[in-house]
Amino acid sequence: MDLKWWQDTVIYQVYPRSFKDGNDDGMGDLPGVTERMPYLAALGVNAIWLSPFYTSPQNDAGYDVADYRDIDPRFGTLADFDHMLKTAHDNDIRIIVDVVPNHTSSDHAWFQAALQASPGSRERERYHFHDVDPSDPDTPPNNWQSIFGGRAWSKTDDGKQWYLHLFDSSQPDLNWDNPEVKAEFESILRFWLDRGVDGFRIDVAHGMVKAPGLPDTGGDGSIEMIGTTQAPFFDQDGVHDIYRSWRPIIDEYDGDRIFVAEAWTDSAERRALYLRPDELHQAFNFDLVLADFQAEAFQTAVDTEIANNSGVGAPCTWVLSNHDVQRHVTRYGDGEVGLARAHAATAFLLGLPGVVYVYQGEELGLNEVLDLPADVRQDPTFHRTGGEQIGRDGCRVPLPWENSGPSLGFGDASGWLPQPEGWGEKSVAAQEDDPNSTLNFYRRAIALRHETRAERSGTVSWLPHSKSDVLAFDNGALVSVTNFGSEAVSIADLMEGREIALSTQAVENGNLPGNAAVWLK
Ligand code: BGC
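All figures in this text were calculated on a predicted structure; none of them were measured in a lab. (Residues numbered from 1 in each chain as written. Predicted model: local features only at pLDDT ≥ 70, side-chain atom pairs only at ≥ 80, totals over all residues. Heavy atoms only, no water.)

Asker: Explanation requested: the site of the ligand in the structure shown.
Answerer: Looking at the ligand, there are 14 residues lining it, with Asp60, Asp203, Glu262, His323 and Asp324 nearest. Here an oxygen atom of the ligand sits 2.9 Å away from a polar atom, N or O, in the side chain of His103. A distance of 2.4 Å separates an oxygen atom of the ligand from a polar atom in the side chain of Glu262. In isolation the ligand offers 300 Å² of accessible surface; the protein chains occlude 99% of this area. By residue class, the composition of the shell around the ligand is five nonpolar, two polar and seven charged. (Near = heavy atom within 4 Å. Polar contact = N/O pair within 3.5 Å; in protein donor to acceptor, adjacent residues only side chain to side chain. Areas by Shrake-Rupley, 256 points an atom, 1.4 Å probe, with all protein chains shown as cover. Nonpolar A, V, L, I, M, F, W, Y, C, P; charged D, E, K, R; others polar.)

Asker: Hey, could you run me through the sheet that holds strand β6 (residues 129–131) in this one?
Answerer: Paired through backbone hydrogen bonds, the strands of a sheet run either parallel or antiparallel to each other. Across the sheet, which stays open at both edges, the three strands sit in the order β6-β8-β7 with antiparallel pairing between neighbours. Strands with a single pairing partner mark the edges of an open sheet, and in this sheet they are β6 and β7 (153–155). Neighbouring strand axes in the sheet, compared pairwise and without regard to direction, differ in orientation by 35° on average. (Pairing = 2+ DSSP bridges. Helix = DSSP H or I, 4+ residues; strand = E, 2+ residues; numbered from the N terminus. Axes fitted to C-alpha atoms, helices over the stretch in contact; angles between N-to-C directions.)

Asker: What is the right way to read the nonpolar core from this model?
Answerer: Ranked by size, the top nonpolar core spans 133 residues in total, and within it Tyr12, Leu40, Phe53, Phe81, Phe200, Tyr243 and Trp246 carry the most contacts. For this core, the element with the most residues is helix α11 (residues 335–350), which contributes seven residues. Apart from residues no more than four positions distant in its own chain, Leu40 is found in contact with Tyr12, Val14, Phe19, Val45, Ile48 and Ile93. Ala152, Trp153, Leu166 and Phe167 belong to the second-largest nonpolar core, a separate cluster that totals 16 residues. (Core = buried A, V, L, I, M, F, W, Y, C linked by side-chain atoms within 4.5 Å. Buried < 20%, exposed > 50% of the residue type's maximum accessible area, 1.4 Å probe, protein only. Contact = heavy atoms within 4.5 Å.)

Asker: Would you mind showing me how to read the environment of Gln161 here?
Answerer: Mapped onto the secondary structure, Gln161 falls in strand β8 (residues 161–164). Residue class for Gln161 comes out buried when judged on its relative accessible area of 4%. Sequence-wise, Gln161 and Tyr39 are 122 residues apart; in three dimensions their C-alpha atoms are separated by 51 Å. Beyond its immediate sequence surroundings of up to four residues, Gln161 is in contact with Pro119, Arg124, Phe129, His130, Asp131, Val132, Ser154, Lys155 and Thr156. At 2.8 Å, the side chain of Gln161 and the side chain of Arg124 are in polar contact.

On their own, these measurements won't tell you what the molecule is for.
Encoded structure:
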């Protein structure tokens, strides 16, 4: 296959606050990322997507940006950023940064100015401010609920206006009908492109444009972030005009830089619209985040993604975990079974064409930490729902690098969230020399994926198998076989004339164990 780098690649998500603490304040940072660049190079990833490190009060772990052109002191400085970027490039690793255009932090200079200004002012026009109806002061302009719980409207201190926030009340939504907002984000993109970044992950890429008149949504107005429900504030057609204006900007720069959309849509067809040739390069495909570990679900997800994305000439993407969802080891049942299934699912993904996203820590087989005490939880979802929704802290626990120490080598201080018992055994140090560790399995599988890049066909040909729990496909270079059931199955027919190139569990006498995958060559 003759492809651009971003059409067939492995991208690793760094969640900076939990990756590596370079200055021992309990919070990961950019110097920590720089320090561990050799680790990422050895893992074989081609690019890193960094969650936000911008100046922020951290009410939503940095997805509440107060200054889009600077680094939060907790994460370092612009000089630290430049050093990290250079180190990444020296290691042949590209850097994709997060851009958060749906909302700012309430600490952003624009929102602060808006609060100082009067209703109807230019400052308030940058956000969605609406008058409070004096005859009905407790009823907001519509029934929209915050994704994090509670209503999506809060009042200004003087009680005269409401402002919209689809997320926390400290994340006011920007008004994308305002040309000043558009111009500002074009300038922010250029700021980071000029600094040398290789692309952007667009946060809530389906959210900036709201339906005219801000009509009520159906039901009680609540909506899940991780879901596929249509709403008057998500996936409006007008959002595509924004991306058509962004694409020429990134195309002006050399080096094949890319946009990747976080776009939750109600169908794969709607998702593919973001990938038309004059819009974005990639969109996360969350179908496998929502799917059970089940053959039919995986096959449907693959067929749907390939059909829709090839229709617009865009690469497929494959995601099992990220900083917003429960880690897949836990989704698959935790313990030995959860881990075995996680390995099998990863082998399945790495045999597919397109782009595989790896969320930090999945290469260590980390589980979701379910029992964090309430007083350490930081996710606004937990607090805004009074603990009813547990939130996302459990997938954000700092990485274990060593067997021991106050935060298992994350830093020399305790981390911002406590690590559970037993994570020392999952640390990088503990796995480094064990050929059967999750870490070494990821390294082997990623290396093999790269080695077969030129040979792979760019699609999958399903091979028939008598057991419905088994999926087998040929990718042009390898035959990938995954057993989603719990009983061993014979794959002797598929092994005929082929050798095992990779397996997640030992294949003996032509039997593939349950919850296991193998690559044949
Ligand atoms: C990010 C979340 C964040 C939300 C609001 C998302 O989709 O991935 O972590 O809380 O946007 O910015």
